[in-house]
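# Descriptive analysis of the structure
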Amino acid sequence: MTQELILANATLVMPKETVTGSIVVRKGRIVDVATGRAVPAGAENCDGDYVAPGLIELHTDNLERHMRPRPKVDWPHQAAIVAHDAELASVGITTVFDALRVGSIPSDRRRNYGKYARSVANEILEMRASGALRISHQIHLRAETCSETLVEELAEFGTEDRVGIVSLMDHTPGQRQFMDVAKFEAYVRGKDSMDADGFGEYVDFLYGLHDKFGKRHEEATVAAAKRFGAVLASHDDTTVSQVATSAGYGIHLAEFPTTVEAAQANHTHGIANIMGGPNLVRGGSHSGNVAAMDLAKQGLLDIISSDYVPSSLLLGAVMLGNKWGNMAKGLHTVTAAPAKYTNLEDRGRLEVGLQADLIRFRVTEGVPALRAAWHKGLRSA
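Conventions and cut-offs
Residues numbered from 1 in each chain as written. Predicted model: local features only at pLDDT ≥ 70, side-chain atom pairs only at ≥ 80, totals over all residues. Heavy atoms only, no water. Salt bridge = Lys/Arg side-chain N within 4 Å of Asp/Glu carboxyl O. Helix = DSSP H or I, 4+ residues; strand = E, 2+ residues; numbered from the N terminus. Buried < 20%, exposed > 50% of the residue type's maximum accessible area, 1.4 Å probe, protein only. Phe/Tyr/Trp six-rings, centres within 6.5 Å; stacked < 30°, edge-to-face > 60°. Lys NZ or Arg CZ within 6 Å of the ring centre and 35° of its normal. Contact = heavy atoms within 4.5 Å. Polar contact = N/O pair within 3.5 Å; in protein donor to acceptor, adjacent residues only side chain to side chain. Axes fitted to C-alpha atoms, helices over the stretch in contact; angles between N-to-C directions. Parallel < 35°, antiparallel > 145°, perpendicular 65-115°, else oblique. Left-handed = near helix turned anticlockwise from the far one by under 90°. Nonpolar A, V, L, I, M, F, W, Y, C, P; charged D, E, K, R; others polar.

## So, the pattern of salt bridges
One pass over the structure, following the stated rule, counts 12 salt bridges. Here Asp61 and Arg142 are joined by a salt bridge, their closest N and O atoms 3.7 Å apart. Taken together, the residues Asp61 in the loop between strand S6 (55–60) and helix H1 (62–67) and Arg142 in strand S8 (residues 136–144) connect sequence positions 81 residues apart. With relative accessibility at 9%, the residue Arg142 sits in the buried group. Within the structure, one salt-bridge network assembled from shared partners comprises Glu44, Asp49, Arg360, Arg362 and Arg371.

## What about the packing of aromatic side chains?
A complete count under the given rule lists 1 aromatic pair for this structure. On the basis of an interplanar angle of 20° and a centroid distance of 5.1 Å, the ring pair of Tyr50 and Phe361 is categorised as stacked. Taken together, the positions of Tyr50 in strand S5 (residues 50–53) and Phe361 in strand S14 (residues 358–364) put the pair 311 residues apart, joining distant regions of the chain. One residue, Arg118, lies across the ring of Phe157, its end atom 4.3 Å from the ring centre. Cation over ring: Lys329 sits above Trp324, and NZ or CZ is 4.6 Å from the ring centre.

## Looking at the environment of Arg371
Along the chain, Arg371 falls in strand S15 (residues 367–375). Given the relative accessible area of 38%, Arg371 is considered partly exposed. Note: C-alpha distance between Arg371 and Ile359 (12 residues apart in sequence) is 7.7 Å. In this structure Arg371 touches Asp49, Arg360, Phe361, Arg362 and Arg379, once residues within four positions along its chain are discounted. Side chain to side chain, Arg371 and Asp49 meet in a polar contact 3.0 Å long.

## Observations regarding the packing of helix H2 (residues 77–90) against helix H3 (residues 117–130)
The interhelical angle for the contact between H2 and H3, taken along N-to-C directions, is 60°, at an axis separation of 10 Å. Relative to H3, H2 is oriented oblique. Between H2 and H3 lies a crossing of right-handed hand. The residues of H3 that touch H2, namely those facing His77, Gln78, Ile81 and Val82, are Val120, Glu123, Ile124 and Met127. Among the residues making up the contact of H2 with H3, the classes are represented as 5 nonpolar, 2 polar and 1 charged.

These figures capture arrangement, not role.
Following this line, the structure appears as structure tokens:
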């Protein structure tokens, strides 16, 4: 890591503006940021390409897609982690919070809802320690309150795991993401080949779980986040009342609020709104909830998450940059903002002394094409 990297004649994406300049990296750190078009000897001439901080992904289910590429197919996990890592690097992500569900339903076999988080977290941490991964991997525990085993699964994690985010999730039908039960039915029956009678029984079963465990699981999740020293996030807030509860728990991140009212209430309480890149790119939510661009137009969108499409992170940020007429503001939603709200003070900005997580990209007809990426000053894509 002694080699010097100089990126010159670049459009540098700073926190509030873009400027033409250069950036110098040594030993994995940014050591100089300067303006001007000069290309010194040994520098890489970026020909005006954007150079921005590496992207920071707070909530992605992409690893699960690699582990289960088809129903009933369990791909070797280490191979899945490597493929997931390489895919994220290829779209400019240099830090990821891998979202792992905690809370399972072992008594019901109608859905593949078994325990997996602890074993997969072990594999991620082992591969991270061995240097096998291209980018930085953090742990994000998705705590499913509508489950049977959440308390026991949370107890398997400790401060040594350095869990970065714990999100409080409740997928009981008829509220939050699936306020429209018909949308939930289409999702579940399409995914699990369930007939109408089976779906009705399944919904009744979930209501029973919520009534029995919901409050206890919610309180256990809040306590676990404090024990880990993790950032606590809400998920799919829909009403002002739900946001008030989130604020009472000390939540600072709201993943995918489903209504304008909830997003507005989050800002009133100083809670940042995270919206999905796929929602932004597609122009709407697949669940029929509020469109990310509508929140962006009202100044209510703070952070983008790629959710289930990794490439949507950079594309969504560029779309926002074009919409707002400020590329720096668009990229802020995937760099400095997620770093700030997860206490990653060493990355997310082009500043001297910070970790050299960088991307170089060009935009053609509104679509960004990644030219290169570096993690801690080393080429990752």
